Amino acid sequence: MKYLRWVSLLWFSAAVFSQTPSASVVGRITDPTGAVIPGVSVKVTNLDTNISQQGVSNEVGEYTVPYLNPGRYTLEASSAGFRTYKRDEFTLAVDQALRIDIPLEVGSATESITVSAAPPLLNTETATRGEVTTQDEIQEIPLDGRSFSDLALLTGGVIPKGDGGDGSYAVNGGRADNAGFLLDGMNNTQRRNTGAMINPPIEGVLEFKMLTSGFSAEYGRYAGGMLTVVTKSGTNRLRGSLYEFLRNDVFDATGYFEGTKSKLRRNQFGATVSGPVYLPKLYKGRNRTFFMFTWDSLRLTDGKSVRGVVPEPEMLRGDFSRVVDAYGRPIRITDTLSRTPFPDNQIPSSRLDPVAQKMGKYYPAPNFSAGVYNFISQGNATQRFNNFGIKGDHNLTSRDRLTLSAFWRPNRSWDPVVTSRSPIPIFGSAKNTLDVLSYIRYLRSITPTMFLEASANFSRKTNREVWPYSADKDWAAETGFLGGTTNPVAAGPPYIQVTSYIPLGPANDIPKIWSYNNYQYAAT
């Protein structure tokens, strides 16, 4: 009997403190003398779905009602010989353990006492430090790009990653690649640089919490923080939203460093709808089956401009007769073989390397004049993505709950003026990505103090960043640069950097083609 009691305690603890992004209500039940009362029935009811979960106080008067979705609740406690205790509406946040101690008064169970005072906000149950960003904050705070995860930077001790670094956030001085991500309790961290596998549409996010220190062992994969996100679920009310955010260069002035006004067309739009499942004449899911669908799309054309220096056309023919230094003084070109200046500062065509001559043809002619710059490259970068999410919750019985969800986000982009690489549009890069996360979760209440949770999760992130013209022709024959790769994905002119001039060739860090899969199976 003692052995079974310890097994039950361990099982119960595992259930309460699993990675499920839920909340719980805990407390102690006492009589007017302060003595604890065992066997008291505690019912917590979600006001949006009208679904209740039961708990019961143990031999020391303690009770716990775990696995509660963030939202609005009421509480009721009853026992023979005592008045029924009722707590008015209170709100639970993600990863919150709310303590509500219940003092019962002697009387008939048909009598009741209703308490409307707000429960304390101080977390007294765990040592976890972090900050919850609520649905109102997500919706009301302006966000450039509509990425809710930017709000995590409002948490104390959280700063952006360094330029060029991996990860997303540096927490309390730790490395940015030591932070993890959870989506509805499922692993959402991609292994390549510990970024998120997928960011769901902002309208589909209920709230999230940035854990910064003191979190429980189940979050202990990383030395930094953990961003745990909870998506919305359907309720008994049908709700929806429709939006579009617009930016257009019609409302902009020409930039100070631009030759002509850059083009800007940014349209971000989407919709979210949630509620009970209803199939006319077939099924009414009120109080039992709920759905949520969310969608966010972006159509972006963003003009870019980069200044640089290109050789004058005669210089590519070996004629340096007009070349001067920064002070306007002629620069003499010396023959390295004879160690004498070339006549008229002109290099004979017989001394020019044929590969260099062919590569030189990729230099555009000067088209700009401002200080030392004689060239400006302008092009329109484009990005298109569609971000979708769907979630279903079904209460099989009063003790069994099933959740299925899937999120996916295909993305395409084209950058003709690559930053810190060759700004010539022919050497631009194309990037296609796909983010996917799906899961299924089953929760059963075996007894008021014993629960079973089982889940399976699959997520995938793919990346294909290439120079789109690699397979168009035989680049080795065109440039005379032999011995390079013949792989049609990676072929192309070599990347060449001439001091003081813009680079030539496709970016030297592409192609980048990779994919990562995450599989997660858990039962507690």
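The preceding data block contains the structure.
Overview of the structure.

Rules behind the numbers
Residues numbered from 1 in each chain as written. Predicted model: local features only at pLDDT ≥ 70, side-chain atom pairs only at ≥ 80, totals over all residues. Heavy atoms only, no water. Helix = DSSP H or I, 4+ residues; strand = E, 2+ residues; numbered from the N terminus. Rg over C-alpha atoms; globule rule 2.2 N^0.38 Å. Buried < 20%, exposed > 50% of the residue type's maximum accessible area, 1.4 Å probe, protein only. Contact = heavy atoms within 4.5 Å. Areas by Shrake-Rupley, 256 points an atom, 1.4 Å probe, with all protein chains shown as cover. Lys, Arg positive; Asp, Glu negative; His and termini not counted. Charge placed at Lys NZ, Arg CZ, Asp CG, Glu CD. Pairing = 2+ DSSP bridges. Axes fitted to C-alpha atoms, helices over the stretch in contact; angles between N-to-C directions. Patch = residues over 30% accessible without salt bridge, like charges linked within 9 Å, V, L, I, M, F, W, Y side chains within 5 Å. Salt bridge = Lys/Arg side-chain N within 4 Å of Asp/Glu carboxyl O. Phe/Tyr/Trp six-rings, centres within 6.5 Å; stacked < 30°, edge-to-face > 60°.

### What to know about the overall build of the chain
Tallying secondary structure elements over the chain gives four helices and 26 strands in all. Its C-alpha radius of gyration of 32 Å places the chain more than 25% over the 24 Å reference for a compact globule of 524 residues. Considering only C-alpha atoms, the chain reaches an extent of 115 × 50 × 45 Å along its principal axes. For the chain, the residues scored as buried account for 43% of the 524 residues in total. A fraction of 67% describes how many contacts in the chain between residues 6 or more apart in sequence connect residues 24 or more apart. As displayed, the chain offers around 27,200 Å² of accessible surface, 55% of which is attributable to carbon and sulfur atoms. Here the chain holds 55 positive side-chain charges and 48 negative ones, and the gap between their average locations is 4 Å.

### Some words on the sheet that holds strand β21 (residues 289-308)
As a general point, the strands of a sheet are linked pairwise by backbone hydrogen bonds and lie either parallel or antiparallel. In space, the eight strands of this open sheet follow the order β17-β18-β21-β22-β23-β24-β25-β26, with antiparallel pairing throughout. In the strand order of this sheet, the two ends are held by β17 (239-248) and β26 (512-523), each with one partner. Averaged over all pairs of adjacent strands, the angle between strand axes in this sheet comes to 5°, irrespective of strand direction. Of the pairings in the sheet, the one linking strand β25 (residues 450-466) to β26 comprises twelve bridges and is antiparallel in character. Its bridge partner lying in β26, Arg464 is registered against Ile513.

### With respect to the environment of Tyr519
Structurally, Tyr519 can be placed in strand β26. Here Tyr519 falls in the exposed class, since its relative accessible area comes to 53%. Taking C-alpha positions, Tyr519 is 5.8 Å from Asn457, a pair spaced 62 residues apart along the chain. Among all residues touching Tyr519, those that are not within four sequence positions of it are Asn457 and Phe458.

### Thoughts on the sheet that holds strand β10 (residues 129-133)
Pairing within the open sheet is mixed, and its five strands lie in the order β10-β15-β16-β13-β14. Every interior strand has two partners, whereas the edge strands, β10 and β14 (186-187), have only one. The pairing of strand β13 (residues 180-183) with strand β16 (residues 226-231) spans four bridges and is classified as parallel. Bridge assignment links Phe181 to a residue of β16, and that residue is Leu227.

### Remarks on a nonpolar patch on the surface
On the surface, a cluster of nonpolar side chains totalling about 370 Å² of accessible area is made up of Leu246, Val250 and Phe251. Structurally, Leu246 is set in strand β17.

### Observations concerning the side chain of Asp31
Checked against the element boundaries, Asp31 lands in the loop between β1 (23-30) and β2 (41-46). Despite its burial, Asp31 pairs with no opposite charge; the closest candidate is Arg28, at 11 Å N-O. Apart from the residues lying within four places of it in its own chain, the contact partners of Asp31 are Ile37, Phe82 and Leu104.

### Here we look at the packing of aromatic side chains
Applying the stated criterion to the full structure yields 15 aromatic pairs. Pairing Trp414 with Tyr469 gives two aromatic rings, centres 6.4 Å apart and planes at 85°, and the pair type is edge-to-face. Taken together, the residues span a long stretch of sequence, with Trp414 in strand β23 (residues 400-415) and Tyr469 in the loop between β25 and α4 (475-479) at a distance of 55 residues. For the ring pair Phe427 and Trp467, a centre distance of 6.1 Å and an interplane angle of 40° mean the geometry is tilted. Of the two residues, Phe427 sits in the loop between β23 and β24 (429-447) while Trp467 sits in the loop between β25 and α4, which places them 40 residues apart along the sequence. An identical accessibility class is assigned to Phe427 and Trp467; each is buried. Among the aromatic residues, ring-to-ring pairing joins Tyr362, Trp414, Phe427, Trp467, Tyr469 and Trp475 into one connected group.

### Remarks on unusual backbone geometry
Cis peptide bonds are those with omega within 30 degrees of zero, and the linkage from Ile510 to Pro511 qualifies with 10°. Examined against the element boundaries, Pro511 turns out to sit in the loop between α4 and β26. At Asn287, a residue that is not glycine, the phi angle is positive and equals roughly 70°. The backbone of Arg339 sits at a positive phi, close to 60°, despite the residue not being glycine. Examined against the element boundaries, Arg339 turns out to sit in the loop between β21 and α3 (354-360). With a relative accessible area of 73%, Arg339 lands in the exposed category.

### A few points about the pairing of strand β3 (residues 52-56)
The side chains of a regular strand alternate between the sheet's two faces. Only one face of β3 is covered, namely the face carrying Gln53 and Gly55; the face carrying Ser52, Gln54 and Val56 is uncovered. Summarising the sheet, β2 and β3 pair through five bridges and their orientation is antiparallel. Considered in β3, the bridge of Thr45 is made with Ser52. Linkage of β2 to β3, two consecutive antiparallel strands, is achieved through a turn of five residues, within which Asn50 is found at a positive phi near 65°.

### Observations regarding the pairing of strand β18 (residues 264-276)
In the sheet, β17 pairs with β18 via ten bridges, with the strands oriented antiparallel. Bridging across to β18, Arg247 finds its partner in Arg266. Taken together, the 13 bridges between β18 and β21 define a ladder with antiparallel strand orientation. Directly across from Asn267, in β21, lies its bridge partner Arg299.

### Some details on the pattern of salt bridges
Evaluated as defined, the whole model comprises 22 salt bridges. Ionic pairing is found between Asp95 and Lys209, a salt bridge with its closest N-O pair at 3.8 Å. Pair noted here: Asp95 is in the loop between β6 (84-92) and β7 (97-99) and Lys209 is in strand β15 (residues 205-213), with a separation of 114 residues, a long-range link. Judged by relative accessible area, which is 23%, Asp95 ranks as partly exposed. Accessibility expressed as a relative area gives 8% for Lys209, which makes it buried. Close ionic contact of Asp415 with Lys304 constitutes a salt bridge, the shortest N to O distance being 3.1 Å. Placement of Asp415 in strand β23 and of Lys304 in strand β21 is noted, with a sequence separation of 111 residues between them. Connected via shared salt-bridge partners are Arg28, Glu62, Arg99 and Asp101.

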